[in-house]
Amino acid sequence: ASYLRYAGWWQESVLGPVEAVEYRLEDKVTHGSPARMVLWDMDTFGQHWGQACVGLIDLHVAENARRLGLAKYLLLNVLRHLRD
């Protein structure tokens, strides 16, 4: 994901070599992205716990798009996608 290209030293030290995936909402008119979410596959934890695991690294909504329910909408749809 493009998010980790700009990770600072702390994030790189804590996260290590992770497989990150970025989900974005796209405005149909402007093609901008008012909300995005970055997840990582926690496969090593899942093996120990006996179930699939995903970690949330970042969830961001642009300041001018806040209080519209976009974060909740994005999170709900990503969770549905992962469940299926």
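Not measured: the values here are computed from a predicted model.

Draft legend 1. Molecular detail of the overall build of the protein chain. From N to C terminus, the protein chain includes 4 helices and 3 strands. Reading the protein chain from its N terminus to its C terminus gives the helix and strand order α-α-β-β-α-β-α. The buried share among the 84 residues of the protein chain stands at 25%. In the protein chain, 33% of the contacts between residues at least 6 apart in sequence involve partners at least 24 apart.

Draft legend 2. Here's a closer look at a nonpolar patch on the surface. Taken together, the side chains of Val54, Leu75, Leu79 and Leu82 define a hydrophobic patch exposed on the protein surface, amounting to about 310 Å² of accessible area. Here the nonpolar patch gets 3 residues from one element, more than from any other, and that element is helix H4 (residues 70-83). Residue class for Leu75 comes out partly exposed when judged on its relative accessible area of 32%.

Draft legend 3. Expanded view of the nonpolar core. Among the nonpolar cores identified, the biggest contains 8 residues, and these are Leu25, Ala35, Met37, Leu39, Val61, Ala65, Leu74 and Val78. The element best represented in this core is strand E2 (residues 35-41), accounting for 3 residues. Leave out the neighbours within four places in its chain, and Ala65 touches Pro34 and Leu70.

Draft legend 4. Expanded view of the side chain of Asp58. Its location among the elements puts Asp58 in strand E3 (residues 54-61). Overall, Asp58 belongs to the buried group, its relative accessible area being 19%.

Draft legend 5. How the structure looks around the environment of Ala65. Along the chain, Ala65 falls in the loop between E3 and H4. Once the C-alpha coordinates of Ala65 and Ser33 are considered, the two residues, 32 residues apart in sequence, prove to be 9.9 Å apart.

Draft legend 6. Structural view of the pattern of salt bridges. Per the stated rule, a full pass over the model turns up 4 salt bridges. With a closest N to O distance of 3.4 Å, Arg24 and Glu22 form a salt bridge. One salt bridge in this structure joins Glu22 and Arg36, with 3.8 Å as the shortest N-O distance. With a gap of 14 residues between them, Glu22 in strand E1 (residues 20-25) and Arg36 in strand E2 connect regions that are remote in the sequence. When salt bridges that share partners are traced, they join Glu22, Arg24, Arg36 and Asp58 into one network.

About the thresholds
Residues numbered from 1 in each chain as written. Predicted model: local features only at pLDDT ≥ 70, side-chain atom pairs only at ≥ 80, totals over all residues. Heavy atoms only, no water. Helix = DSSP H or I, 4+ residues; strand = E, 2+ residues; numbered from the N terminus. Buried < 20%, exposed > 50% of the residue type's maximum accessible area, 1.4 Å probe, protein only. Contact = heavy atoms within 4.5 Å. Patch = residues over 30% accessible without salt bridge, like charges linked within 9 Å, V, L, I, M, F, W, Y side chains within 5 Å. Areas by Shrake-Rupley, 256 points an atom, 1.4 Å probe, with all protein chains shown as cover. Salt bridge = Lys/Arg side-chain N within 4 Å of Asp/Glu carboxyl O. Core = buried A, V, L, I, M, F, W, Y, C linked by side-chain atoms within 4.5 Å.

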